[in-house]
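Below are the chains, spelled out letter by letter.
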Amino acid sequence: MRTLTYGQALVEGLRELIESDERIHIMGQYFLGLTPQRALVGELAAEHPSRFYYPPIAELGYVGTAIGAAMAGLRPIVDLATASFMFQAFAQITNEMANIHYMSGGQTRVPMVLHFNHGIRGGGAAQHSHSPQAMLWNTPGIEIMLPSTPYDVKGLLKTAASTDNPTAWGDHVKLFMIEGEVPEDDYSIPFGVADIKRKGTDVTIVATSLMVQRALAAAEKLAADGIDVEIVDPRTLVPLDEDAILESVAKTGRLVVADECHRSCGAGAEFSAIVAEKAFGYLKAPIRRVVTEDVPIPFSPPMEEYVEPTEAKIIQAVREVVD
Amino acid sequence: MLANLSREQIVEQLRMALLIRRFEEELIKLAGDRDIGHFHVYIGQEMTGVPALQLLQPGDLSFTTHRNHGHLLARGVPARQMYAEILGKETGMMGGRGGTLHLCSMEHGFPTTSSAVGGATPLATGAAFAFKQLGKDRVSVCLFGDGALEEGSWHESINIAAMERLAVIFLCENNSLEALGQKAGEYPSSTLAATDLIDLVKPFGVPTIQVDGCDSGAVHSAMTTALDRARTGGGSTFIEARTVRWPGNRPIWPALLTGETDLAMAWDSSLIPDEHRVWHAEQDAVLRFLREIIAAGLIESDAILAMDREIRSEMKAGVEFALESHYPPAESALDLVLA
């Protein structure tokens, strides 16, 4: 099978959607941030200028415009660029987009995709490093996808664009250059189906987005020490494949969570709570969370690394639960 | 001034205005007997909503606010379903999930109602964006109060609407005018540094029209101009319709301070009580419309009263329907989070 970068797979997914469904409309062009591959998005926009809208710097206005357009027959895929900018649009996202279908008693649908680049990209400091997926998870009415591989980003995007729900789509900038196998044939990945990224017997790591890649690297080093790690990637937070998480913990008896949200009320806190409520009897050790500390993200590199979830911290947490 | 329309169309405006007035009066009476939560009424603004929304066609979309009852009724949503929704019953349009603050009916061109001030301006803009992108000859109407102009969403939305020449009509119902204040030429009472609402529109190059929102003919004419512009690719229009705030409208829980409207006050001024005389004699848009329509010889007072009796009995039946309807099963609260 051919190999693509994450960025290539992402843009290929967008291209196929534009070319197969005239209702698909792209708002914004920073899907790949300011990374070297950003020209791929520019090329796509040049090929299909009538399908791209380059909005003013008005996140509230253009996200709301996308929501209104989705109710009126379009299927917008909106890019917020850096996740931190989402807060400018939060009133529309949480109070309009998420509520409309429910409030309408099911009459009105909001089929749109909201893309953002989350996480600590390096030097982003406090206002360009957010991972707001837990805030979105705390807002019923939004599907949330967090791909971690080229295969997943394209397959999940296809599903996001075809459902009648609003989907929040978070990518991590540090994933864009990762390579992986992507089939030539059309495919999609259903929401709510976790992927076991690595099979193992000793410890379950539930990881999302970039943390899947860090967990995979950690697992290789731990394997050299005879510790066999299983990595569960939920791929979507909403809907969540709880069964996959619980089944893995039932097998291994140990859980480490690797996620880039802040510690308090983060996605990692929710995974931990689910396992504590529903699989407590299987646990042989306390759950450990490898997450971002509860501080704004500092700029200075050593401080930044100190607060973020790293491969070394994952390795340490796994060693602690198997001791 | 009456709109330049056929007798049938003017009489239809009358029927709808009376229906909205009686709907609200029944609702206020209902709220006197039981706690139905807080709600907002449209009394005094009927002659803006009725002539404006009467001009819309199937497929056009409207986005309204917390003060939405009159708008939905004007586009034909059945009163009984609205009462049921306002009481949280399963026979309401949304099965009780939204209530008065979020009344919507996709079938009648109301996809959603945001009760967050300024929530709908981007949504209405977006609907027009979709019409343009999909090549549809449809118009989106954003109905909002003067307070929404205080929100940042307003400036972001009109910028997009202006730059893309979108078929969205911003119909601002400025009810910030106090009865006595308006008489004294005082204006406006919104919390805005701008002294004139259209000053918030002019920098974007969108045409503006200011009308007396109690003047059905002026509203009809302004909306006709705006719709013609929107449907012929001319883009957006901002209409400011100035209405007088009804004396009973002050509290969040409105009170029938001026009583149930006695339509005969329109043709017999001796019936007007001293209390709230200015309201009944000069400001009430429905009474004013009645005086105009009678003066024009379009309908007799007996026919008006007969029409009113029919409407009032329909409203009472609607309330009964809502009261007798069941609440939705409590556990169904967990359904419909996602499509």
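Residues numbered from 1 in each chain as written. Chains lettered and ligands numbered in written order. Predicted model: local features only at pLDDT ≥ 70, side-chain atom pairs only at ≥ 80, totals over all residues.

Turning to the overall build of chain B, a few remarks are in order. Within chain B, the secondary structure is distributed over eleven helices and five strands. What you see for chain B is a C-alpha radius of gyration of 20 Å, in line with the 20 Å of a compact globule of 339 residues. Overall size of chain B, expressed as C-alpha extent along the three principal axes, is 55 × 55 × 40 Å. By the burial criterion, 50% of the 339 residues in chain B qualify as buried. Expressed as a percentage of contacts within chain B between residues at least 6 apart in sequence, the contacts between residues at least 24 apart total 72%. (Helix = DSSP H or I, 4+ residues; strand = E, 2+ residues; numbered from the N terminus. Rg over C-alpha atoms; globule rule 2.2 N^0.38 Å. Buried ≥ 20, exposed ≤ 12 C-beta atoms within 10 Å, placed from the backbone. Contact = placed C-beta atoms within 7 Å.)

A separate point is the overall build of chain A. Looking only at helices and strands, one finds twelve helices and 14 strands in chain A. The C-alpha radius of gyration of chain A comes to 19 Å, within 12% of the 20 Å expected for a compact globule of 323 residues. Here the C-alpha coordinates of chain A stretch approximately 60 × 45 × 40 Å along the principal axes. In chain A, buried positions account for 57% of the 323 residues.

Residue and element names in this part refer to chain B. Counting buried residues in helix H4 (residues 79–86) gives seven out of eight residues, a clear majority hidden from the surface. Within the sequence span of H4, burial applies to Ala79, Gln81, Met82, Tyr83, Ala84, Glu85 and Ile86. Summarising the contacts, the buried residues of H4 are in contact with helix H1 (7–33), helix H3 (69–74) and helix H11 (301–324). A positive phi of about 75 degrees marks Gly88, the residue just after H4.

Residues and elements named next belong to chain B. Strand E2 (residues 140–145) sits mainly inside the fold: six of its six residues count as buried. Judged by which residues are buried, E2 turns out to be covered on both faces: Ser140, Cys142 and Phe144 on one side and Val141, Leu143 and Gly145 on the other are all buried. Note: strand E1 (residues 61–63) against E2, three bridges, orientation parallel. Paired with Leu61 across the bridge in E2 is Ser140. (Pairing = 2+ DSSP bridges.)

The interface is formed by 36 residues belonging to chain A together with 35 residues belonging to chain B. If you list the elements that add at least two residues to the side of chain A that touches chain B, you get helix H3 (59–71), helix H4 (90–97) and helix H5 (100–103) of chain A. Per-element tally for the side of chain A that touches chain B: the top contributor is H3 of chain A, with ten residues. Grouping the amino acids of the side of chain A that touches chain B by side-chain chemistry returns 16 nonpolar, 16 polar and four charged. (Nonpolar A, V, L, I, M, F, W, Y, C, P; charged D, E, K, R; others polar.)

What follows covers the sheet that holds strand E5 (residues 113–118) of chain A. All names here are of chain A. As summarised here, the arrangement of the seven strands in space is E3-E2-E4-E5-E7-E6-E12, forming an open sheet in which the pairing is mixed. For this open sheet the edge positions go to strand E3 (52–53) and strand E12 (236–238), each flanked by a neighbour on one side alone. As defined by bridge partners, strand E2 (residues 24–27) adjoins E3 across two bridges and the pair is classed as parallel. Along E3, the bridge assignment pairs Met27 with Tyr53. The strands touched by helix H7 (residues 150–162) are E2, strand E4 (75–82), E5, strand E6 (143–145) and strand E7 (167–172); relative to E7, the strand with the most contacts, the crossing angle is about 160 degrees. (Axes fitted to C-alpha atoms, helices over the stretch in contact; angles between N-to-C directions.)

Let us now look at the domain arrangement of chain A. Residue and element names in this part refer to chain A. Along its sequence, chain A is organised into domain 1 (3–181) and domain 2 (195–322). Averaged C-alpha coordinates put domain 1 and domain 2 at centres separated by 25 Å. At the interface, 25 residues of domain 1 touch 23 residues of domain 2. Among the secondary structure elements, those contributing two or more residues to the side of domain 1 that touches domain 2 are helix H6 (133–137), E6, H7 and E7. When its residues are assigned to classes, the side of domain 1 that touches domain 2 shows 13 nonpolar, nine polar and three charged. (Domains from an automatic or database assignment.)

Moving on to unusual backbone geometry. Of the consecutive residues Val238 of chain A and Pro239 of chain A, the connecting peptide bond is found in the cis state with omega at -5 degrees. Here Pro239 of chain A is to be found in the loop between E12 and helix H9 (242–252).

Residue and element names in this part refer to chain A. Summarising burial for strand E13 (residues 255–262): eight of the eight residues are buried, a large majority. Strand direction decides the pairing type here: strand E10 (residues 203–207) and E13, joined by four bridges, are parallel. The partner of Thr204 across the bridge, within E13, is Leu255. Judged from the four bridges that link them, E13 and strand E14 (residues 288–292) form a sheet pairing that is parallel. Paired with His262 across the strands is Thr292, a residue of E14. At this point the chain moves from E13, through helix H10 (residues 267–278), to the parallel E14, and the crossover so formed is right-handed. (Right-handed = clockwise from strand over helix to strand, strands pointing away.)

So, on to the nonpolar core. What tends to happen in soluble globular proteins is that the nonpolar side chains get buried as a cluster. Residues Ala215, Val256 and Val318 of chain A together with Cys142 of chain B are the most contacted members of the largest nonpolar core, which totals 194 residues. Sequence-distant contacts of Ala215 of chain A, defined by excluding residues within four places in its chain, comprise Ile205, Ala207, Ile231, Ala258 and Ile314 of chain A. (Core = buried A, V, L, I, M, F, W, Y, C linked by C-beta atoms within 7 Å.)

What follows concerns the confidence of the model for chain B. Mean pLDDT over chain B: 94, with 95% of residues reaching 70 or higher. The ipTM value of the predicted complex is 0.95, and its pTM value is 0.96. (pLDDT = per-residue confidence, 0-100.)

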